[in-house]
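Overview (structure and organization)
This is what each chain is made of:
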Amino acid sequence: MKKILFAIVAAALLVPNLTTAQTSSDGKQLFGDMTARHIGPALMSGRINDMEVHPTNSRIIYAGSAGGGVWKSNDSGTTFTPIFDDHCQSIGAVALDPNDPDNTIYVGTGETWTRNSVSVGDGLYRSTDGGANWKKLGFEASERITSVIVNPKNSKEIYVGVLGALWGDNEERGVYKSGDGGTTWDKLLYVDQKTGCADLAMDPTDPNILYASMWEFRRTGWSFESGGANSALYKSVDGGKNWNKIHNGFPKGKLGRLGIAIAPSNPKVLYTVIEAEKDERKGLYRSDDAGANWKQLNNDFGITVRPFYFSRIVVDPRNENVIVKGGLSGSISRDGGKTFKNLGDMHSDIHDIAFSIKDSDIMYVGTDGGVYRSWDGGTNMEIVENLPLSQFYHISVDNAEPYNIYGGLQDNGSWYGPSASPGGIEARDWNSVGAGDGFRVYKHPVKNIIYSEMQGADNVWRYDADRRTLKTIQPLAAPGVPKLRFNWNAPMAISTHQPDRFYMGSQFLHKSEDMGDTWEIISPDLTTNDASKQTQENSGGLSKDNSGAENHTTIFSIVESSLDENIIWVGTDDGNVQLTKDGGKTWTNTTPNIKGLPANTWVYQVVAGSFDKGTAYAVFDGHTQNDKNPYAFKTTDYGKTWTSIISDEVVGFARSIQEDHVNPDLLFLGTEFGLYITLNGGKSWKKFTINMPAVAVHSIALQKETNDLVMGTHGRGIIIIDDISPLRELNAEVMAKKLHFFDSKPTVINEKSSFSGSFGNETQFVGRNETTNAQIKYYLSKRHTFGKMTMEIQDMEGNTIVELGPGKSKGINIVNWSYTRKQPKVAKGKTFSFGGFTSPKVPAGTYKAVIKKGKDTFEDTFDLVYDDSSSLTETDRTLKNETVMKLYDMTQELAYMVYELDEMIVKAEAAKDVKTVKKLNDLKETLVITTGDNYVGSAEPQLREKMTDLFSKLANSYDKPTKAELENLTVIDNRFNTAKTDFEKLKKKYKHTEAMTIKTYDAFLNGK
């Protein structure tokens, strides 16, 4: 038994690339008010690894996702919220302390369904405040944690099942125990560096009885091997001190992945699903004597399919004979495992199932497409609609307004949707443009045509969105051409020079000049063509698994230079960065010129520079060789030399890179644990964490018109940072200033409106739109802590329009202004005047932001402009603005009149001047409503209502006033003038002025 203390220092020595202190790279102070917004989508959701139910509160459910963190539901799975965003988003297991389930939660990171595209974990975490805060308890090198169990009789005793590394050897595998609440750990069961704990269970009646499934496995970039002589099922009766195999009745020979489940209602009943050498011996086994003997019950396809991906067994807590097995459709048995039927209609690939603690007919199911609920024992299923866990492989953007984002998803096809939509981006805003596992999706530069693909280029589609016609266009086998090897994630690219030109990569580079109708090969085999990595038909180990996911020695990345159509860069999954400068006639492998890069490291992305032809960036991903270090290089001489642009601040292997279109030193790096930004060409990096979870960023695009950074994440859908242009200006000189205003493009005044009913969205995820406000952006070198700091918006004559609360934080501050004046002061009445809750827009023009900070004053001008598509003339706008402001002023004048009336009434009542009180009230009743309520008891509208209603209609309309509205204004104006005349007459006869103190008009408006 090996004693291990998971101290921070030891962990850093074990895996320095995963445990670098992230506080040193956290860019919160620098990026300040810049924030990411999530737009989903959630309608196709994403893969769920683990489901957990609260042991005493049936409303509380937890979902651990493959790449999108931990989500908690307080309403029986109707809606979920994330509780683990600051940490690794790949989740293996979620567990609650049965002695303190409301507060103490454990999360073991690292997905355990070991497909080729899984992410990695970075240890075990615990929260003692219901998920608000988390502390790491070690296991930094574990990579994948399958199980966490807390002794129900002693919360200090914690058992952890560690599957371990998928892509290489590691020691941190097996079963561990802590007796001191996670401070130190004992390794209880260990086999070797290739065999980990796939499942762990504790007898609910005796915490000393444990069952552990040990699994020998290994994946490479070109193969998968499940099973071996070391796979076994073990039992301990002394809390893990000693273990014995319990194989009586098991198949002979090598075993693969085994699941284990105990019947809570009768712990003598155990179930396991065995992956064996012989197909007829695979399947479900049952023991009725706590594992002493086993009997095979079922080996239907639904039970035995893809054991590495589907091995979870769950037993109904009330009935030992009701069991559910994960699988393509999920299988349920109600006769102890003898016969099974599929669960109800839902997304395929079922990974975990949880029964409600109160009613076994209520089930929660985790799939490749999110969480489903059943109210009738699994016969019918409904999807949870607000889990935005979509796993994008790639994304691209177009130039529409608002622009669209296109991308392909793990097991959920290909889609596109808008960056903004009335009322927010809803499920119905997304459009399907592909099936299967979706990967690259591109919009034709000038035609309404969309290209998409599914895994392995099995289908590549060209979709004419105008005609709604679909055609397959992938390159196919041709006479004299060797078998084409397409990556599971096959690369496509579109030319920026010739809009109909389209590229695809197998081991060759294919080019089409007619949108895929005809193809020519313009390269030799650009890979290493290593035959030892081309035996996918034998992949899988004990269970053959040749899905195409292990296709290797293929092209993975293609980019044509935007500066020269003859310059094309190609990256391969076996480590080659190839370049042609003559459109494919000759090629040069530049990888030998890259120093410090391990051989055959996967080229995940190559990006051609935007500023000169010789510049390119290459991102390499070594995790499939068990190398989790980040690699990114830059060349400025066509690959003759390469320079690393990774610094110590970057944590997690790199997936994607994006060069800014204006500042070549501004780069964005997507890693397995989030987004990093450099302002100095890669010399140092800062992590962007503001509303940005530590999720795998597989793809990045920069929308040129809006300057939005768009990220395709593998677990949290599309995430956007709106307008990154302030980052272009940040340099040492700017950051040394007390305050620096950033340049800004003119803000287009938003006059659009529509009906965006939210019917049916009550339980759906709705993506947030970008703001339409004017934004004043500035940098503070230090946080403002002492003295007064104010901010005003002024016109160019220095008149104050509105006062705003300034941002006072160090770094980038963003203050939003809706280009409106403050609401008019409205007369008091018995009811609200809803039309008065309107802030009129200012006209287009140049305005000033004025910040006073102590004794210093800082000013910056910015422009508001009208939409070019507007039909209004300058004369129309002048009429509109003058009319709105006339009503605005009239509303305030009326408010002051009513204020004076009220003061006069109070004094007259005090003097018991009944006659004067009646005359004043008679006038007031014509000005404001003095009876009724705001709902069914509403009274006849008076002058205030008529005035503010017309004001609101005109202020909120994009158009000039109509003739009817102007005529209505004349009626209101005449009535107001009459009221003013009547009021003046009453004032002349008023006898109680000596006892009155009336505010001035300005003091009244300013609330003084």
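This text follows the structure it describes.
Residues numbered from 1 in each chain as written. Predicted model: local features only at pLDDT ≥ 70, side-chain atom pairs only at ≥ 80, totals over all residues. Heavy atoms only, no water.

1. Comments concerning the sheet that holds strand S3 (residues 48-53)
Note the threshold: Pairs of strands are assigned from DSSP output, requiring at least two bridges between the strands. For the purposes of this entry, the term helix denotes a DSSP run of H or I that reaches at least four residues, the term strand denotes a run of E that reaches at least two, and both are numbered from the N terminus.
Read from one edge of the open sheet, four strands run S3-S4-S5-S6, paired in antiparallel fashion. Edge positions in the open sheet fall to S3 and strand S6 (81-82), since each of these has one partner strand only. In terms of strand pairing, strand S4 (residues 61-65) meets strand S5 (residues 70-73) through four bridges, oriented antiparallel. By the bridge assignment for S5, Gly64 is matched with Val70.

2. As for the side chain of Asp573
Stated precisely, the cut-off is as follows: Residue exposure (1.4 Å probe, protein chains only): buried if accessible area is under 20% of the type maximum, exposed if over 50%, otherwise partly exposed. As used throughout, the charge tally considers Lys and Arg to be positive and Asp and Glu to be negative, leaving His and the chain termini uncounted. What counts as a salt bridge is simple: a side-chain nitrogen of Lys or Arg found within 4 Å of a carboxyl oxygen of Asp or Glu. We call two N or O atoms a polar contact when they sit within 3.5 Å, provided that within protein one can donate a hydrogen and the other can accept it, with sequence-adjacent residues counted only if both atoms are side-chain atoms. Should any heavy atoms of two residues lie within 4.5 Å, those residues are counted as being in contact.
Its location among the elements puts Asp573 in the loop between strand S46 (568-572) and strand S47 (577-580). The side chain of Asp573 is buried and forms no salt bridge, while Arg485, the nearest opposite charge, is found at 7.5 Å. Polar contacts involving the side chain of Asp573 include one to the side chain of Thr554, which spans 2.6 Å. Sequence-distant contacts of Asp573, that is, excluding residues within four places in its chain, are made with Asn487, Asn551, His552, Thr553, Thr554, Phe556, Asn600, Trp602 and Val603.

3. Structural notes on the state of the cysteines
This is how the line gets drawn: Two cysteine sulfurs form a disulfide in these notes if their separation is within 2.5 Å.
Summed over the entire model, instances satisfying the criterion amount to zero disulfides. The thiol of Cys88 is unpaired, and the distance to the nearest cysteine sulfur, on Cys197, comes to 19 Å. Cys88 gets classed as buried once you look at its relative accessible area, which sits at 3%.

4. Re the sheet that holds strand S54 (residues 667-671)
Using the following cut-off: Every axis corresponds to a line fitted to the C-alpha atoms, with the helix fit spanning only the stretch in contact, and the corresponding angles, defined between N-to-C directions, vary from 0 to 180 degrees.
Read from one edge of the open sheet, four strands run S53-S54-S55-S56, paired in antiparallel fashion. Each edge of the sheet is formed by a strand with only one pairing partner; in this case those strands are strand S53 (654-659) and strand S56 (686-688). Strand-to-strand, the axes of this sheet are offset by a mean angle of 30°, without reference to chain direction. Both strand S55 (residues 674-678) and S56 contribute to a ladder of three bridges, which runs antiparallel. Bridging across to S56, Ile677 finds its partner in Lys686.

5. Remarks on the environment of Asp50
Residue position: Asp50 is located in strand S3. Given the relative accessible area of 7%, Asp50 is considered buried. Taking the C-alpha atoms as reference points, Asp50 and Arg144, separated by 94 residues in sequence, lie 13 Å from one another. In this structure the side chain of Asp50 is engaged in a polar contact, spanning 2.9 Å, whose partner is the backbone nitrogen of Val94. In terms of polar contacts, Asp50 uses its side chain to reach the side chain of Arg312, at 3.5 Å.

6. Some points on the packing of aromatic side chains
As a reminder of what qualifies: Pairing of aromatic side chains requires ring centres within 6.5 Å, counting the rings of Phe and Tyr and the six-membered ring of Trp. Pairs whose planes differ by under 30 degrees are stacked, by over 60 edge-to-face, and all others tilted. Charge over a ring is defined by NZ of Lys or CZ of Arg lying within 6 Å of the ring centre and within 35 degrees of the ring normal.
Under the definition given, this model contains 31 aromatic pairs. Look at Trp817 and Tyr847: their rings are 5.8 Å apart centre to centre, the planes differ by 70°, and that puts the pair in the edge-to-face class. In this pair, Trp817 is assigned in strand S65 (residues 811-817) and Tyr847 in strand S66 (residues 845-853), connecting sequence segments 30 residues apart. The same class applies to Trp817 and to Tyr847, which are both buried. Between Tyr896 and Tyr1001, the aromatic rings sit 5.4 Å apart at their centres with planes inclined by 85°, giving edge-to-face as the arrangement. Of this pair, Tyr896 sits in helix H7 (residues 874-910) while Tyr1001 sits in helix H11 (residues 1001-1005); the two residues are 105 residues apart in sequence, bridging distant segments of the chain. Tyr1001 gets classed as partly exposed once you look at its relative accessible area, which sits at 29%. Through successive ring pairs, a cluster of aromatic residues spans Trp215, Phe217, Phe224, Phe308, Tyr309 and Phe310. Positioned above the aromatic ring of Tyr190, the side-chain terminus of Lys187 is 4.2 Å from the ring centre. Note that Arg877 overlies the ring of Tyr866, its terminal NZ or CZ placed 3.5 Å from the centroid.

7. Focus on the packing of H7 against helix H9 (residues 943-955)
Definition in use: Relative orientations are named as follows: roughly parallel for angles under 35 degrees, roughly antiparallel for angles over 145 degrees, roughly perpendicular for angles from 65 to 115 degrees, and oblique for any other angle. Definitions for this section: a left-handed crossing has its near helix turned counterclockwise from the far helix by less than a right angle. A right-handed crossing has that turn clockwise. Residue polarity is assigned by list, with Asp, Glu, Lys and Arg as charged and Ala, Val, Leu, Ile, Met, Phe, Trp, Tyr, Cys and Pro as nonpolar; anything else, Gly included, falls into the polar class.
Relative orientation of the contacting elements H7 and H9 amounts to 150°, with a least axis distance of 9 Å. What the angle tells us is that H7 and H9 run roughly antiparallel. The chirality of how H7 crosses H9 is left-handed. In this structure, H7 uses Lys880, Thr883, Val884, Leu887, Tyr888, Met890, Thr891 and Leu894 to contact H9, whose residues at the interface are Leu943, Arg944, Met947, Thr948, Leu950, Phe951, Leu954 and Ala955. A breakdown of the residues in the contact of H7 with H9 according to their chemical character gives 11 nonpolar, three polar and two charged.

8. Re a nonpolar patch on the surface
We apply this condition: Patches draw on residues past 30% relative accessible area with no salt bridge. Two like charges within 9 Å are joined, as are two nonpolar side chains (Val, Leu, Ile, Met, Phe, Trp, Tyr) within 5 Å. Each accessible area value is a Shrake-Rupley result obtained with a 1.4 Å probe; residue values ignore everything except the protein chains displayed when judging cover.
A cluster of nonpolar residues, Phe832, Phe834 and Phe837, forms a patch on the protein surface that exposes about 350 Å² of accessible area. The partly exposed category is assigned to Phe837, whose relative accessible area is 45%.

9. Some remarks on H9
For an α-helix, the turn length of 3.6 residues means that residues three or four places apart are oriented alike. The condition that has to hold: Expected helix span is given by 1.5 Å per residue-to-residue step, counting one fewer step than there are residues.
Its 13 residues give H9 an end-to-end C-alpha distance of 18 Å, which sits within 8% of 18 Å, the value for a rise of 1.5 Å per residue. Burial within H9 is extensive, with 10 of its 13 residues counted as buried. Here H9 has its buried residues at Leu943, Arg944, Glu945, Met947, Thr948, Leu950, Phe951, Ser952, Leu954 and Ala955. Each element contacted by the buried residues of H9 is listed here: H7, helix H8 (914-927) and helix H10 (963-989).

10. Re unusual backbone geometry
Following Gly40, the chain continues to Pro41 via a peptide bond in cis, the omega torsion being 5°. Position of Pro41 among the secondary structure elements: in the loop between strand S2 (36-40) and S3. The backbone of Met515 sits at a positive phi, close to 60°, despite the residue not being glycine. By the element assignment, Met515 lies in the loop between strand S42 (509-512) and strand S43 (520-521). Residue class for Met515 comes out buried when judged on its relative accessible area of 12%. If you check the backbone angles, Asn626 has positive phi at about 65° while not being a glycine. As for its placement among the helices and strands, Asn626 is situated in the loop between strand S50 (616-621) and strand S51 (630-635).

11. Some points on the packing of H7 against H8
Running from N to C, H7 and H8 cross one another at 155°; their axes reach a closest spacing of 9 Å. When the axis of H7 is compared with that of H8, the two are roughly antiparallel. Crossing of H7 over H8 shows left-handed handedness. Contacts between H7 and H8 pair Leu894, Met897, Val898, Leu901, Asp902, Met904, Ile905, Ala908 and Glu909 from the former with Thr916, Val917, Leu920, Asn921, Leu923, Lys924 and Leu927 from the latter. Its residues placed into classes, the contact of H7 with H8 shows 11 nonpolar, two polar and three charged.

12. Regarding the pattern of salt bridges
Here the structure, examined in full by the defined rule, presents 46 salt bridges. A salt bridge links Asp525 to Arg485, with the shortest nitrogen-to-oxygen separation between them at 3.0 Å. Highlighted residues: Asp525 in the loop between S43 and strand S44 (540-541) and Arg485 in the loop between strand S39 (469-472) and strand S40 (492-494), separated in sequence by 40 residues. Linking Asp564 and Lys613 is a salt bridge whose minimum nitrogen-to-oxygen distance equals 3.5 Å. A residue pair is termed long-range when its members are at least 10 positions apart, and Asp564 in the loop between strand S45 (555-560) and S46 and Lys613 in the loop between strand S49 (602-608) and S50 qualify at 49 residues.

13. Some words on H10
Along its 27 residues, H10 runs 40 Å from first to last C-alpha, staying within 8% of the 39 Å computed at 1.5 Å per residue. Listed as buried for H10 are Leu969, Ile972, Asp973, Phe976, Ala979, Phe983 and Leu986.

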